[in-house]
Amino acid sequence: MKFYRSGWSFLLIVLFILNNNLAKAQRAPTHWANDGYQYYKTTGGEITVYDTRDGSKKTVWISTAMLTPKGKTPIGVKRFTISDDGKKVLINTNTKKVWRYDTRGDYWVFDTGTQKLWQLGKNLPESSLMFAKLSPDATKAAYVSGHNIYVEDLTSGDVKQLTTDGSTHVINGTFDWAYEEEFGCRDGFRWSPDSRNIAYWKIDATKIKSYYMLNTTDSIYPFVVPVEYPVAGEDPSSAKIGVVDISTAATRWMDIPGDNVQHYIPRMEWTLSPNEIIVEQLNRAQTESSVFIGNISNGTTRLIREEKSNSWIDGKERWNNGDPMGWEWINKGKDFLWVSEKDGWKHIYRVSREGKETLLTKGDYDVITVSLIDEAGGYIYFMASPDNATQKYLYRIKLAGGKAERVSPADEPGTHGYDISPNGKVALHNFSNSYTPPASEVVSLPGHQHIGGKVIAVDKNAKNKPEFFKVKTVDGIEMDGWMMKPTNFDPNKKYPVVFTVYGEPAGQTVTDTWGTGRNGLYVGSMADDGYIYMSVEGRGAPAPKGTAWRKAIYKNIGIINIRDQAMAAKEILKWPFVDSTRIAVHGWSGGGSSTLNLMFQYPEIYKTGIAVAAVGDQLTYDNIYQERYMGVPVNDEGKAAFIKGSPITYAKNLRGNLLYIHGTGDDNVHYKNAEELINELVKYNRQFELMAYPNRTHGIFEGPGTSLHLHTMFTKYLKEHCPPGGR
């Protein structure tokens, strides 16, 4: 139910992000050179070196000829990593999707000294290797194939299988569907600093029930597609951490307190010592976080940090662009940085190995993401926006704490992004706002001086810009919103309003970014046709407005977030140019759920709704996501909140025009949700329209003509039931 929205930028997310962070998971990190000024990038099938000090200077480092095996065509470079000494390059190619991401493929190693190119695991099935990594000493590579871990000597080519029990349901070195989807966990093993051991997750999904989908299009006879999918209320997979010795292939299991099934392990890394790992454990309700340091020699662990919350505790992937990997060590491994909301704001803390904590980012503002720890320079760089929750800016603060200093220019209001060099001296900077298209440049830090690329300039002459506003509801809740008025707006006429909505903790809809105000699902221009297009954002959205704002919807998804939307709409209906008889709403995934709830709970406001891939019954969605926000439904009392917030509970109240759209091959929000909803609407003789896309997944983009068909249907239905134009 993650992050599907529907302005122009939101549609791109629907198609581009098939969970809460495809962009981060798919895009390889910038490979900065050791000098901190140059970086490596794939260009036209070659690996090229770019110099940030001269944007026009680029040098081919590894050419197509070098990437051509004898007698074969060049290997395509999907992504790559470089050894610390720069002598070996690990290249991922011929990739295949595993659910959302192309994490299976082939791997090749190129030696920059000998110019030798060779394939890893060449005796294993094609495109079966996952998460290959060079050892820190660059003498070996490890990878997963068939849910087992292998290690390969780069000199001799000898391959050793380190685990042997991998199967469909026993998973070594990677994760099951729910861990991947909801914790961002995919790469499930880590090399020790001395290259002698590998720490890894073992996921036991043998007791997880399969969710059966029916494929009716890819053969004459339909066939069943099973997905290991633990719904809310069902026990999750068992997870434990082992450390395997490379030389003996013997695994020692770490003794982490607590039941393996009733706890999650979303993070595990090595400390800076080759004899220790560090682990974060969450209880099943995700309201308690424990951090342990483990001794790999005897498997013992000691608790160094504990936190409890009255709602949920976000994991690292929620505050680091979807990436749960890495541990932020400082002070030669004696301390690390941690992000917590325990004081009511998302802040950075310094934590010692003994558990002593120091708050660094004091103040009534949220740290959105951590961008760089520049220990040599003595600063932490992070994204924040204390004064406007729709925007993002770069700040820095001293490692010792103190007052945050804004780095982003004051004359560039909007949304900034930075890929900062490890030396903290330069950054690849990107920027956009609702009326300035995305642009990128290279800047020096901390002065933010332009040193490469096209100079970023705010489009001060932009016309037909979205208008940002605030609206206060009868409940005293002040909400941000944006509105795109018709092109030839006449304040003396009344216009239809189309709301786009998401409404859950996985994403914002009201952001000052390019694409805001445009609807990519609509064929043509809504503004030219005479619609007011709008979005308002209530409590529960992950906006930088404090913990109380974000977590007000705990155990109230489908209630509080829906009321906030409806009460804001009631205030907007008072505006003189709004036609209260022509009010529409649409959304995708969690936004589809919100659309249904708004149509059913507040039928006096919303006359037309288009819901796509919606969760109609919260008890059908996966346990990690739904239990995080709604509690663990272990009994009837626990299930009550799920039922209360589910659209099917209110389907009998439908009065307006509803178009419901779903893909029958959706492995995220299963088509069962559509059929439960259909049954309720039929039961109460509520008329609606349905479009089921055969064998399409959650993004509904597969197959020729699919996207155009969906967009055309969306536009036609909206025009028929919520006619455009001023009256």
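Residues numbered from 1 in each chain as written. Predicted model: local features only at pLDDT ≥ 70, side-chain atom pairs only at ≥ 80, totals over all residues. Heavy atoms only, no water.

A. Region of the structure containing the sheet that holds strand S25 (residues 335-340). With antiparallel pairing, the four strands of this open sheet are ordered in space as S24-S25-S26-S27. The sheet is open, and its two borders are formed by strand S24 (329-330) and strand S27 (357-359), each paired with just one other strand. Sheet analysis places S24 next to S25, joined by two bridges and oriented antiparallel. Of the residues in S25, the one forming a bridge with Trp329 is Phe336. (Pairing = 2+ DSSP bridges. Helix = DSSP H or I, 4+ residues; strand = E, 2+ residues; numbered from the N terminus.)

B. Structural view of the sheet that holds strand S23 (residues 301-308). Strand order in the open sheet formed by four strands is S20-S21-S22-S23, and the pairing between neighbours is antiparallel. Every other strand in the sheet has two partners, leaving strand S20 (263-270) and S23 as the edge strands with one partner each. Going from strand to strand, the sheet's axes swing by 20° on average, the running direction of each strand aside. Sheet topology places strand S22 (residues 288-295) next to S23; seven bridges connect them, and they run antiparallel. Residue pairing across strands places Gly294 opposite Thr301, the latter belonging to S23. (Axes fitted to C-alpha atoms, helices over the stretch in contact; angles between N-to-C directions.)

C. Highlighting the packing of aromatic side chains. For the structure shown, the criterion picks out 30 aromatic pairs. Ring geometry for Trp312 against Tyr554: centres 6.1 Å apart, planes inclined by 45°, an arrangement best described as tilted. Placement of Trp312 in the loop between S23 and S24 and of Tyr554 in the loop between helix H5 (547-550) and helix H6 (560-572) is noted, with a sequence separation of 242 residues between them. Tyr554 shares its class with Trp312; the two are buried. Taken together, Trp177, Tyr211, Tyr229, Trp312, Tyr554, Tyr621, Tyr625 and Tyr629 form an aromatic cluster joined through their ring pairs. Lying over the aromatic face of Tyr50, Lys41 brings its terminal NZ or CZ to 5.6 Å of the ring centre. Sitting over the ring of Trp514, Arg518 keeps its end group 4.3 Å from the ring centre. (Phe/Tyr/Trp six-rings, centres within 6.5 Å; stacked < 30°, edge-to-face > 60°. Buried < 20%, exposed > 50% of the residue type's maximum accessible area, 1.4 Å probe, protein only. Lys NZ or Arg CZ within 6 Å of the ring centre and 35° of its normal.)

D. Region of the structure containing the domain arrangement of the protein. Split by domain assignment, the protein resolves into domain 1 (20-144) and domain 2 (467-721). Here domain 1 and domain 2 have C-alpha centroids that lie 41 Å from each other. (Domains from an automatic or database assignment.)

E. Representation of the packing of H6 against helix H7 (residues 590-601). For the pair H6 and H7, interaxial distance at closest approach is 10 Å and the crossing angle is 65°. Judged on the interaxial angle alone, H7 and H6 are roughly perpendicular. Between H6 and H7 the crossing geometry is right-handed. Within the contact between the two elements, H6 uses Asn561, Ile562, Gln565 and Ala566 and H7 uses Ser594, Asn597, Leu598 and Gln601. Residue composition of the contact of H6 with H7, by class: three nonpolar, five polar and no charged. (Parallel < 35°, antiparallel > 145°, perpendicular 65-115°, else oblique. Left-handed = near helix turned anticlockwise from the far one by under 90°. Contact = heavy atoms within 4.5 Å. Nonpolar A, V, L, I, M, F, W, Y, C, P; charged D, E, K, R; others polar.)

F. Structural context of the UniProt feature "domain: Dipeptidylpeptidase IV N-terminal" (unreviewed entry) in the protein. Residues given the UniProt feature "domain: Dipeptidylpeptidase IV N-terminal" (unreviewed entry) here are residues 83-438. Annotated as 2% helix and 47% strand, the span residues 83-438 places its first and last C-alpha atoms 33 Å apart. (UniProt positions renumbered as here; feature names shortened; annotations may be inferred.)

G. Structural view of helix H9 (residues 636-645). Within H9, the full set of buried residues consists of Gly638, Ala641, Phe642 and Gly645. In an axial view of H9, the angular spread of the buried residues amounts to 95°, which keeps them on one side of the axis. Every exposed residue of H9 that faces more than 90 degrees away from the buried side is listed here: Asp636 and Glu637. Structurally, H9 contributes buried residues whose contacts are with H7 and helix H8 (623-630). The opening residue of H9, the one whose side-chain oxygen lies 3.1 Å from the backbone nitrogen of Glu637, is Asn635. (Arc of directions from axis to C-beta. Polar contact = N/O pair within 3.5 Å; in protein donor to acceptor, adjacent residues only side chain to side chain.)

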